[in-house]
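A structural walkthrough
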Number of protein chains: 2
Amino acid sequence: MCQLLGMNCNTPTDIVFSFTGFATRGGLTDEHKDGWGIAFFEGRGARLFVDHLPAVSSPVAELIKRYPIKSENVIAHIRKATQGEVNLENCHPFVRECWGQYWVFAHNGDLKEFNPVLNGQFLPVGSTDSERAFCYLLQSMRAEFGDQPPTTGQVARFLQEKCRDIAAHGTFNMMLSNGEALFTHCSTKLHYVVRQHPFPVANLSDQELRVDFSEVTTPSDKVAVIVTEPLTTNECWTQFGSGEFKVFVKGDVLMPEQWQ
Amino acid sequence: MCQLLGMNCNTPTDIVFSFTGFATRGGLTDEHKDGWGIAFFEGRGARLFVDHLPAVSSPVAELIKRYPIKSENVIAHIRKATQGEVNLENCHPFVRECWGQYWVFAHNGDLKEFNPVLNGQFLPVGSTDSERAFCYLLQSMRAEFGDQPPTTGQVARFLQEKCRDIAAHGTFNMMLSNGEALFTHCSTKLHYVVRQHPFPVANLSDQELRVDFSEVTTPSDKVAVIVTEPLTTNECWTQFGSGEFKVFVKGDVLMPEQWQ
């Protein structure tokens, strides 16, 4: 199984602290050493860094830990291969353009007998069940909404149902973002925390590192971090229920009645 | 105007030497300081690094110069903004998936009154004429070839004509690759060299650096480098004619009679 990390904020924030702990699991404190990747939205643009080397020894991961790229939406993934070889085209996150926006997707889990008919609009480049699911989700959204880009609420309602269908094929913990919202679905394991004023001093669980967020934030900042296993020992992480679908916008969890 | 750099080889080769000279033009020996980017194919996968900082001072460019990523097809670009703001979504190269392959595109030049009708299959995320041209090329190829991926020769014949049409709107020096071939069109300025046995000692023109390629290659290696302005002072660069379209496969220029 793989691990996922997502961040959604109301102001561009760097993910160096959280990524440092997370990357440690890519071959050191945990066994997810079959490649890794991270995507950052910056405005409408996106940067994707992927590497088939273990995150713990990748020169690209080293750069991410030292170069504080500020972003409002980030998705990262460390891989332990279950389906598909260890190579670059099978590293998450995956990126496609739809409605003139980049969409970024990562998945943790394993899908059995999941072979949806793909009409060619979005096709996998690699051989993972994950990329197939991503292409299927985008194709389904295009079929549902046509040429008119849907609102965040429309996407949320649609994805919630689609994720439930896909999860019937196995484990489908996933993160998807278009740079505005971060959509998440949990089959088995996902946790989140919203960091906001008063900001705590946080201790990483995977290595000895602590940061006083109050020194690097302003009182109005709001940062949601979503991850497979909690990253810190002294923050209050909320566990997703099985089958739960959550939408994060500007560092907040949107309740279903806010899905507009 | 921007500058382009491409590489196409018969064996995975690192571009550190050529990129080092090229990146120097991103703010030091030349004025192309409005962002830069580089895409590497590795197998079917692709890595894209983009940054809105000048290449000469970008930590990401620093990584590329130190981390020898080996690739058979590379496209790089340093930008001097003519159309579109300086931000990440306007940095070349651009990437899209088509027929389950990644396609990478970069453009140097300026197109006037170029507003093709885009049907929504491929839409620009940023605001450059370049990304619009890229989306138009992919859409046109999909319309021409349908669901069946075309051969390199079919793409070459089709693109040659389309590039001629687009170039009627201004300057269209471009590079496009699907990881198998590197397609290039020259309106005003493009040069290439094929490095092969016996390999020379090459001197960079932009900074004091020389490399003896015979020490880092095998006798069967063949590496085509295509660039706006020659990168070395002691190699024999061939200048493209205005309106010339060339296809590179495995380090060779394919003559039109070889376009199959």
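Everything that follows concerns the structure shown earlier in this document.
This report concerns the structure included in the present document.

Basis of the calculations
Residues numbered from 1 in each chain as written. Chains lettered and ligands numbered in written order. Predicted model: local features only at pLDDT ≥ 70, side-chain atom pairs only at ≥ 80, totals over all residues. Heavy atoms only, no water. Pairing = 2+ DSSP bridges. Helix = DSSP H or I, 4+ residues; strand = E, 2+ residues; numbered from the N terminus. Axes fitted to C-alpha atoms, helices over the stretch in contact; angles between N-to-C directions. Contact = heavy atoms within 4.5 Å. Parallel < 35°, antiparallel > 145°, perpendicular 65-115°, else oblique. Left-handed = near helix turned anticlockwise from the far one by under 90°. Nonpolar A, V, L, I, M, F, W, Y, C, P; charged D, E, K, R; others polar. Buried < 20%, exposed > 50% of the residue type's maximum accessible area, 1.4 Å probe, protein only. Expected span 1.5 Å × (residues − 1). Phe/Tyr/Trp six-rings, centres within 6.5 Å; stacked < 30°, edge-to-face > 60°. Lys NZ or Arg CZ within 6 Å of the ring centre and 35° of its normal.

1. Quick look at the sheet that holds strand β14 (residues 245-249) of chain A
All names here are of chain A.
- The six strands lie next to each other as β5-β6-β7-β8-β14-β15, forming an open sheet whose pairing is antiparallel. The sheet terminates laterally at β5 (94-98) and β15 (252-254), the two strands that pair on one side only. Each strand axis lies, on average, 25° off the axis of its neighbour in the sheet, ignoring direction.
- Both β14 and β15 contribute to a ladder of three bridges, which runs antiparallel. Pairing of F248 across the sheet is with V253, part of β15.
- The sheet strands contacting helix α3 (residues 129-145) are β5, β6 (101-108) and β7 (173-177), and the helix crosses β5 at an angle near 15°.

2. Quick notes on the packing of α3 of chain A against helix α4 (residues 152-167) of chain A
Residue and element names in this part refer to chain A.
- It is at 11 Å that the axes of α3 and α4 come closest, and there the two elements cross at 135°. Regarding the angle of α3 to α4, the classification is oblique. Every pair of crossing elements has a handedness; the one defined by α3 and α4 is right-handed. Residues Y136, L137, S140, M141, E144 and F145 of α3 pack against Q154, V155, F158, L159, K162 and I166 of α4.
- Of the residues belonging to the contact of α3 with α4, the class tally is eight nonpolar, two polar and two charged.

3. Re helix α1 (residues 16-24) of chain A
- Counted residue by residue, α1 of chain A has eight buried out of nine residues, so it is predominantly covered.
- By the burial criterion, the buried members of α1 of chain A are F17, S18, F19, T20, G21, F22, A23 and T24 of chain A.

4. Focus: α3 of chain A
Residue and element names in this part refer to chain A.
- With 17 residues, α3 should reach 24 Å at 1.5 Å per residue; the first-to-last C-alpha distance of 24 Å fits that figure.
- Here α3 lies mainly inside the structure; 14 of its 17 residues are buried.
- Phi for G146, located one or two positions after α3, is positive at around 65°.

5. Notes on the packing of aromatic side chains
- According to the stated counting rule, one finds 25 aromatic pairs over all chains in the structure shown.
- Judged by centre distance (5.9 Å) and plane angle (80°), the rings of F114 of chain A and Y136 of chain A are edge-to-face. With F114 of chain A in the loop between β6 and α3 and Y136 of chain A in helix α3, this pair connects stretches of sequence that are 22 residues apart. Per residue, the accessibility class of F114 of chain A equals that of Y136 of chain A, and both read buried.
- Geometrically, the ring pair formed by Y192 of chain B and F240 of chain B is edge-to-face, given 5.8 Å between the ring centres and 85° between the ring planes. Remark: F240 of chain B occurs in the loop between β13 (238-239) and β14 (245-249) and Y192 of chain B occurs in strand β9 (residues 191-196); sequence separation between them is 48 residues. Of the two residues, Y192 of chain B and F240 of chain B, neither departs from the other in class, the shared state being buried.
- Here a set of aromatic residues connected by ring pairs shows up, and it is made of F40 and F49 of chain A together with F40 and F49 of chain B.
- Across the ring face of F240 of chain A, the terminal group of K246 of chain A is positioned such that the distance to the ring centre comes to 5.7 Å.

Note that every value here comes from positions in space, so none of it alone points to a role or purpose.
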